[in-house]
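Coordinates in review
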Amino acid sequence: MKEQYNAVISKYWDDVATVKNFVGGEFVSGNGDKVVIQNAHDESELLSYPDAGADIIDMANKAAKAARKEWWGRTAQVRGQVMFRIGAKLRENLDDLAVVEAYSSNKPIRDAKVEVSKVAEMFEYYAGWTDKLHGEVIPVPTSHLNYVKYEPLGTVLQITPWNAPIFTCGWQLAPAIAAGNSVILKPSELTPVSSILVAALAEQAGLTKGLINVIAGYGHTAGQMAIQTADIRKLVFVGSPVTGKKIAVSSAERGIPCVLELGGKSANIVFDDADLDLAVRGAQAAIFAGAGQSCVSGSRLLVQESIYDRFCEAVANAAKNFNIGNPHSSDTQVGPIHNAKQYAHVTKMIDIAKAEGAEVVDNGLPSVPDKAGFYVNPTVLKGTNAMECAQEEIFGPVVVAIPFKDEDDAIAIANDSRFGLAGAVWTKDVGRAHRIADQVNAGTFWINSYKTINVASPFGGFGDSGYGRSSGIDALREYSEVKSVWVETARAPAMNFGYGANLG
């Protein structure tokens, strides 16, 4: 995998052992402290690079400011054509991007390929929206023509996480530029490479030079500097609730709006009348795919009492059939925890759960294997909703199974959380399914399925899971300013001495 990665990167810059920023259409080196990216499989060093410094932030700010006027000056049809070509360019380079994503982010190669294709789909979807961002004519009760139009914000700053770097890169970039904005993107310091290549390929496809600028560095240095000094008109953050609250404060201090896509503790509810084989597979995919490192993971498994024990055992035992190991192997289904800090958190949460009285369902696999690397085996804990493991995000392949009595009990437990990102219900009772969907506090909810998302559908959360929406037409609204224009149509307009003076 390393040789493949080096071969891809050598197409873009010479020193393949480091990481460059992509600013104003150029690959440039930072001048800050050293950032080290580890191999989660064996804890060796994968890459290192200098954190972006003040000069890089200033360059990105100027490039974004200059580019947005040229981009918005193109016709909507031309902008859509460029965005569709970006999607095609990403598909053309799918294998290269997947290698980079897998190598630099410790993600299984099979998952990386799927996510690259999804990013291409995002640009293609929003390409079709560029000439459909039309406004409305408002039938006001005066002698005026009143119409509303949507305009770009300006430059937006996007901060994306390490768990799905290329996916969240496309998730945010595509609607932002479709709405006419320029972007400064700050990926996690642990996973910047694939986002940098997406920006470079976008320019190869005809995107205005400098419209997307990607800076590589720490959040508390490069990210904070961009928040404080760049000429940004919106701040978008995808990551942890703790950091999200700090981002919200920084945004408020500058008087700019923000969108927060934060964590979750999603309830995956299984009734005894469900198709249990399907529900078991769904429960596994909900928490074990991606080693549980997803904000929408079904990390609370609510199971009706009559099937609780056997359902928990079925979910745990099936985990023995997963291929768990090196993310760079083509047959790996569950890879390691991404980084040392997160690995320490996941293992600590398992220990806390045991101390609180949670029971680990025995499937012959140790929760934490005795081997090098940041590995945690798929783990099912029998517990209660009051336990810390049920209230706090673990962000690993660890699910807390909680019994419930009836429909009301299931809803009460599901909503006993400060999070509200996602949820699901498994039942053959159609009426019950819709009642549950109506009453569970979640921005996304599935019935007899889990983790299905699409760029055309809005995504976001309630409560501590954040606010604002990504994807769909809602994302275009997030990235647009609304302007109301009034035109007097009367031959001799009356003098207006104040708001509402000539109404009626």
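Residues numbered from 1 in each chain as written. Predicted model: local features only at pLDDT ≥ 70, side-chain atom pairs only at ≥ 80, totals over all residues. Heavy atoms only, no water.

A few points about the overall build of the chain
Rules: Secondary structure elements follow DSSP: runs of H or I no shorter than four residues count as helices, runs of E no shorter than two count as strands, and numbering proceeds from the N terminus. The atom set for the radius of gyration is the C-alpha atoms, and the globule formula is 2.2 Å times the number of residues raised to the power 0.38. Burial classes follow relative accessibility: with a 1.4 Å probe on protein chains only, a residue under 20% of its type's maximum area counts as buried, one over 50% as exposed, and anything between as partly exposed. Any two residues whose heavy atoms approach within 4.5 Å are treated as being in contact. Using the Shrake-Rupley algorithm and a 1.4 Å probe, accessible areas are obtained, with residue cover drawn only from the displayed protein chains. Charge assignment in this entry is limited to Lys and Arg as positive and Asp and Glu as negative, and neither His nor the chain termini are counted. Charge positions are represented by NZ for Lys, CZ for Arg, CG for Asp and CD for Glu.
Along the backbone of the chain there are 16 helices and 22 strands. For 504 residues, the compact-globule estimate of 2.2 N^0.38 gives 23 Å, and the C-alpha radius of gyration of the chain, at 24 Å, lies within 12% of that figure. Dimensions along the principal axes, computed over C-alpha positions, put the chain at roughly 85 × 65 × 40 Å. The 504 residues of the chain split such that 58% are buried. Here the analysis covers contacts within the chain between residues at least 6 apart in sequence; of these, 73% occur between residues at least 24 apart. Element-wise, carbon and sulfur atoms account for 51% of the exposed surface of the chain, whose accessible area totals about 20100 Å². Where the 46 positive side-chain charges of the chain centre and where its 56 negative ones centre are 6 Å apart.

Some words on the packing of helix α4 (residues 94-105) against helix α7 (residues 193-204)
As a reminder of what qualifies: Axes here refer to lines fitted to C-alpha atoms; in helices the fit is confined to the stretch in contact. Angles between the N-to-C directions go from 0 to 180 degrees. When an angle is under 35 degrees it counts as roughly parallel; over 145 it counts as roughly antiparallel; between 65 and 115 it counts as roughly perpendicular; any other value is oblique. Residues are sorted three ways: Asp, Glu, Lys and Arg are charged, Ala, Val, Leu, Ile, Met, Phe, Trp, Tyr, Cys and Pro are nonpolar, and all the rest, Gly among them, are polar.
Viewed as axis vectors pointing N to C, α4 and α7 meet at an angle of 155°, and their least axial separation amounts to 8 Å. If you check the angle between α4 and α7, you find them roughly antiparallel. In this structure, α4 uses Leu97, Val100, Glu101 and Ser104 to contact α7, whose residues at the interface are Val193, Ser194, Leu197 and Leu201. When the residues that make up the contact of α4 with α7 are grouped by side-chain class, the tally is five nonpolar, two polar and one charged.

Topic: unusual backbone geometry
Despite not being glycine, Asn448 has its phi angle at roughly 55°, a positive value. Note on placement: Asn448 falls in the loop between β19 (444-447) and β20 (462-463). In this model, Ser471 sits at a positive phi of 70°, which is unusual for a non-glycine residue. If you trace the backbone, Ser471 turns up in the loop between β21 (466-467) and α16 (472-478). Judged by its relative accessible area of 0%, Ser471 is buried.

As for the packing of aromatic side chains
Formally: Stacked, edge-to-face and tilted are the three classes for Phe, Tyr and Trp ring pairs, Trp counted by its six-membered ring, which pair at centre distances within 6.5 Å; planes under 30 degrees apart are stacked, over 60 edge-to-face, the rest tilted.
Applying the stated rule across the entire model yields twelve aromatic pairs. Pairing Phe288 with Phe322 gives two aromatic rings, centres 6.0 Å apart and planes at 70°, and the pair type is edge-to-face. You can see Phe288 sitting in helix α10 (residues 276-288) and its partner Phe322 sitting in the loop between α11 (308-318) and α12 (340-355), a full 34 residues away along the chain. Measuring from centroid to centroid gives 5.6 Å for Tyr343 and Phe374, while their planes differ by 40°, and the two rings are tilted. Taken as a pair, Tyr343 in helix α12 and Phe374 in the loop between β14 (359-360) and β15 (379-382) lie far apart in primary sequence, 31 residues in all.

Focus on the pattern of salt bridges
For clarity, the cut-off: One side-chain nitrogen of Lys or Arg within 4 Å of one carboxyl oxygen of Asp or Glu is enough to make a salt bridge.
Taken as a whole, this structure holds 21 salt bridges when the rule is applied. With its nearest N and O atoms 3.3 Å apart, the salt bridge here joins Glu70 to Arg74. Using a relative accessible area of 39% as the deciding quantity, one classes Glu70 as partly exposed. Here Arg432 ties to Asp273 by a salt bridge, and the two come within 3.3 Å at their closest N and O atoms. Linking Arg432 in helix α15 (residues 430-439) with Asp273 in the loop between β12 (267-270) and α10, this pair joins segments that are 159 residues apart in sequence. Connected through salt bridges with shared partners, the residues Lys65, Arg68, Asp231 and Arg233 form a single ionic network.

A word on the sheet that holds strand β5 (residues 136-138)
Just so we agree on the cut-off: Whether two strands pair comes down to DSSP finding at least two bridges between them.
Spatially, β5-β6-β22 is the arrangement adopted by the three strands of the open sheet, whose pairing is antiparallel. With one partner strand each, in any of the chains shown, β5 and β22 (480-488) form the two edges of the open sheet. Between one strand and the next, the sheet's axes are offset by a mean angle of 30°, whatever the strand orientation. Two elements, β5 and strand β6 (residues 144-152), share three bridges in a ladder whose sense is antiparallel. Residue Ile138 lies in a different strand from β6, and its bridge partner there is Asn146.

A closer look at the environment of Lys69
Within the secondary structure, Lys69 is located in helix α2 (residues 54-73). The exposed category is assigned to Lys69, whose relative accessible area is 72%. Between the alpha carbons of Lys69 and Asn181 there is a distance of 8.9 Å; along the sequence they are 112 residues apart.

A closer look at the packing of helix α3 (residues 76-92) against helix α5 (residues 109-127)
Counted only if it meets this: For a crossing to be left-handed, the near helix must be turned anticlockwise from the far one by less than a right angle; the clockwise case is right-handed.
Between α3 and α5, the shortest axis-to-axis distance is 7 Å and the interhelical angle comes to 165°. Judged by the angle between their axes, α3 and α5 are roughly antiparallel. The chirality of how α3 crosses α5 is left-handed. Taken together, the residues of α5 that come into contact with α3 (itself represented by Gly80, Met83, Phe84, Ile86, Gly87, Ala88, Leu90 and Arg91) are Val116, Ser117, Val119, Ala120, Glu121, Phe123, Glu124, Tyr126 and Ala127. Among the residues making up the contact of α3 with α5, the classes are represented as eleven nonpolar, three polar and three charged.

Digging into the nonpolar core
Threshold: Residue types Ala, Val, Leu, Ile, Met, Phe, Trp, Tyr and Cys, when buried and joined through side-chain atoms within 4.5 Å, form a set referred to as a nonpolar core.
The biggest cluster of nonpolar side chains holds 102 residues, and the ones touching the most others in it are Phe123 and Ile177. Contacts of Phe123, omitting those with residues within four sequence positions, involve Met83, Ile86, Gly87, Leu90, Gly170, Leu173, Ala174, Ile177 and Val198. Ala40, Leu302, Val398 and Val440 belong to the second largest nonpolar core, which has 33 residues in total.

Some remarks on the pairing of β19
Applied cut-off: Assignment of crossover handedness uses the view with strands pointing away from the viewer, where a clockwise path from the first strand over the helix to the second indicates a right-handed crossover.
Bridge count for strand β18 (residues 422-426) against β19 is four bridges, and the pairing is parallel. Across the sheet, Ala424 pairs through a bridge with Trp446, a residue of β19. Once you follow β18 into α15 and on to β19, the crossover reads as right-handed.

Section: the pairing of β15
Residue alternation in β15 divides its side chains into two sets, Thr379 and Leu381 and Val380 and Lys382, and both sets are buried. With two bridges joining them, β14 and β15 adopt antiparallel strand pairing. Within the sheet, the bridge partner assigned to Val360 lies in β15 and is Leu381.

Re the sheet that holds strand β13 (residues 300-304)
With mixed pairing, the seven strands of this open sheet are ordered in space as β14-β15-β16-β13-β12-β18-β19. Looking at strand neighbours, the two that pair on one side only are β14 and β19, the edges of this open sheet. Lying on the sheet, α11 is in contact with β12, β13, β15 and β16 (398-404); it crosses β15 at an angle near 160°.

Digging into a nonpolar patch on the surface
Worth spelling out the cut-off: Only residues whose relative accessible area exceeds 30% and that take part in no salt bridge are eligible for patches, with like-charged residues grouped when within 9 Å of each other and nonpolar side chains (Val, Leu, Ile, Met, Phe, Trp, Tyr) grouped when within 5 Å.
Residues Val137, Leu145, Tyr147 and Val487 make up a contiguous nonpolar surface patch of roughly 310 Å² in combined accessible area. Mapped onto the elements of the fold, Val487 is located in strand β22. In this structure Val487 comes out as partly exposed when scored by relative accessible area, which is 34%.

A short note on α2
Stated formally: Under the convention used throughout, the expected extent of a helix is 1.5 Å for every residue step, that is, one less than its residue count.
Taking 1.5 Å per residue as the helical rise, α2 with its 20 residues ought to reach 28 Å, and the 30 Å between its terminal C-alpha atoms agrees with that figure. For α2, every residue scored as buried is listed here: Ile56, Ile57, Ala60, Asn61, Ala63, Ala64, Ala67 and Trp71.

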